[in-house]
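Spelled out from the first residue to the last, the chains are:
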Amino acid sequence: MTRPIIVFDLDGTLVDTAPDLLDSLNHSLAASELAAVDEAGFKRFVGHGGRVMIERAHAAQRRSLAVEEHDRLLKLFLDHYTDNIPGKSRPYPGVVDAIARFEKAGYLLAVCTNKYEANSVALIEALGLAKHFAAIAGQDTFVFRKPDPRHLVETIRLAGGDPHRALMVGDSQTDIDTAKAAGIPVVAVDFGYTERHVREFEPSAVISHFDALTLDLAERLIAAAGG
Ligand SMILES: O=C(O)COP(=O)(O)O
Ligand SMILES: [Mg+2]
C-alpha cells in the first residue's frame with residue numbers, strides 16, 4: 001500500500017514568516033509611498049502570495065495600482081524577501097518533533113504553499129528541513145494554486161503519495177477550502193494568519209500546538225475519509 005502523506009501549508013503553519021513577510025511588504029509599499037501595514041493588516045492581506053498582498057494593501061488605502069507599478073513593487077518585495085531568507089522566520093514549536101514522528105511512522109511529507117516555489121525551497125533549506133519533504137509545491141509550480149484543489153492533489157502526486165491516504169495541515173480558509181474541495185481531511189492550526197478563527201471554516205480538527213498532531217489523530221482522519 002502507498003505510504004500515507006501529510007501535506008503542510010508553509011506560512012503561518014510550519015514556519016512563522018510574518019515578521020519577514022511584513023518587512024518585505026512594507027519595503028515595497030514604501031516605494032509607492034503607501035503607509036506601512038501593521039500585523040492586523042497583514043493577516044487580512046496574506047494567503048495568496050506577494051502579488052495579491054501588494055494589491056490588497058493598495059485597495060485598503062484606496063490607491064489604484066497600474067500593472068507596471070504592480071510588477072515593480074512585486075520585484076522589490078521578492079528581492080527583499082529573497083535576500084533576507086531565513087531572516088527571523090522559525091518553525092513553530094513542535095514542528096521538528098512532529099516531522100520526526102511521522103517520518104518514523106513511514107509517512108511521506110510535502111509542502112503546498114501559495115508562496116513562490118523558489119522562496120519556499122530556499123526558506124525550507126535555510127531552516128535545515130528540506131530533506132524531510134518529498135515535494136515542495138509553490139503557487140507557480142503548477143498552473144493552478146490554492147484554493148484550487150488540484151494544487152493539493154498534484155503536490156501529493158509529485159511526492160509519490162495517494163490523495164486517498166492524505167491529510168492536509170493549514171492555517172487559513174484557503175487551506176481548508178482546498179482540502180475540502182479535494183475530499184481530503186484537514187487539520188487547522190489556530191496560531192497562524194487568519195482574520196477569523198479557523199474553527200469557522202469547519203476543518204476536520206483544530207490544534208493549538210504541533211504536539212497535538214498525533215499519529216492517532218492522523219490515522220483516524222485518514223481512515224474516516226476512506227483511506
Ligand atoms: O505567502 C502567502 O501569501 C501564503 O503562503 P501559504 O500558502 O504558505 O500560507
Ligand atoms: Mg498559510
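All values reported here derive from a predicted model rather than from experimental measurement. (Residues numbered from 1 in each chain as written. Chains lettered and ligands numbered in written order. Predicted model: local features only at pLDDT ≥ 70, side-chain atom pairs only at ≥ 80, totals over all residues. Heavy atoms only, no water.)

(A) Representation of the pairing of strand β4 (residues 108–112). Most of β4 sits inside the fold, with five of its five residues counted as buried. The side-chain alternation of β4 yields two buried faces, one formed by Leu108, Ala110 and Cys112 and the other by Leu109 and Val111. With four bridges joining them, strand β1 (residues 5–8) and β4 adopt parallel strand pairing. When the sheet's bridge partners are listed, Val7 is paired in β4 with Ala110. In terms of strand pairing, β4 meets strand β5 (residues 135–137) through three bridges, oriented parallel. Within the sheet, the bridge partner assigned to Ala110 lies in β5 and is Ala135. Following the backbone out of β4, through helix α6 (residues 117–126) and into the adjacent parallel β5, one traces a crossover that is right-handed. (Buried < 20%, exposed > 50% of the residue type's maximum accessible area, 1.4 Å probe, protein only. Helix = DSSP H or I, 4+ residues; strand = E, 2+ residues; numbered from the N terminus. Pairing = 2+ DSSP bridges. Right-handed = clockwise from strand over helix to strand, strands pointing away.)

(B) Region of interest: the UniProt feature "active site" (unreviewed entry) in the protein chain. Listed under "active site" (unreviewed entry) in the UniProt record, and renumbered for this structure, are Asp9. A relative accessible area of 5% means that Asp9 is categorised as buried. Excluding residues within four positions of it along the chain, Asp9 makes contact with Leu14, Cys112, Thr113, Lys146, Met168, Val169, Gly170, Asp171 and Asp175. In terms of polar contacts, Asp9 uses its side chain to reach the side chain of Thr13, at 2.7 Å. (UniProt positions renumbered as here; feature names shortened; annotations may be inferred. Contact = heavy atoms within 4.5 Å. Polar contact = N/O pair within 3.5 Å; in protein donor to acceptor, adjacent residues only side chain to side chain.)

(C) Here's a closer look at the coordination of the magnesium ion (ligand 2). The coordination sphere of the magnesium ion (ligand 2), as far as protein atoms go, consists of Asp9 (OD), Asp11 (O) and Asp171 (OD), spread over 2.2 Å. Positions of the donor residues of the magnesium ion (ligand 2) along the chain correspond to the pattern D-x1-D-x159-D. You can see Asp9 sitting in the loop between β1 and β2 (15–16) and its partner Asp171 sitting in the loop between β6 (166–170) and α8 (173–182), a full 162 residues away along the chain. Across the pair, Asp171 and Asp9 agree in class, each one buried. (Donors = N, O, S within 2.8 Å, 3.2 Å for Na, K, Ca; no water.)

(D) Region of interest: the sheet that holds strand β8 (residues 205–207). Strand order in this open sheet of six strands is β5-β4-β1-β6-β7-β8, and the pairing throughout is parallel. On the outer flanks of this sheet lie β5 and β8, each paired with one strand and no other. Across the sheet, the mean angle from the axis of one strand to that of its neighbour is 20°, orientation sign disregarded. Sheet topology places β1 next to β6; four bridges connect them, and they run parallel. Each residue of the ladder has a partner; that of Phe8, found in β6, is Val169. Sheet strands touched by α8: β6 and β7 (186–189). Its angle to β7, the strand with the most contacts, is close to 175°. (Axes fitted to C-alpha atoms, helices over the stretch in contact; angles between N-to-C directions.)

(E) Focus on the packing of helix α1 (residues 18–30) against helix α4 (residues 67–84). Running from amino to carboxyl end, α1 crosses α4 at an angle of 140°, the nearest separation of the two axes being 8 Å. Judged by the angle between their axes, α1 and α4 are oblique. As for how α1 packs across α4, the hand of that crossing is right-handed. In this structure, α1 uses Asp20, Leu21, Asp23, Ser24, Leu25, His27 and Ser28 to contact α4, whose residues at the interface are Leu73, Leu76, Phe77, His80 and Tyr81. The residue inventory of the contact of α1 with α4, partitioned by class, reads six nonpolar, four polar and two charged. (Parallel < 35°, antiparallel > 145°, perpendicular 65-115°, else oblique. Left-handed = near helix turned anticlockwise from the far one by under 90°. Nonpolar A, V, L, I, M, F, W, Y, C, P; charged D, E, K, R; others polar.)

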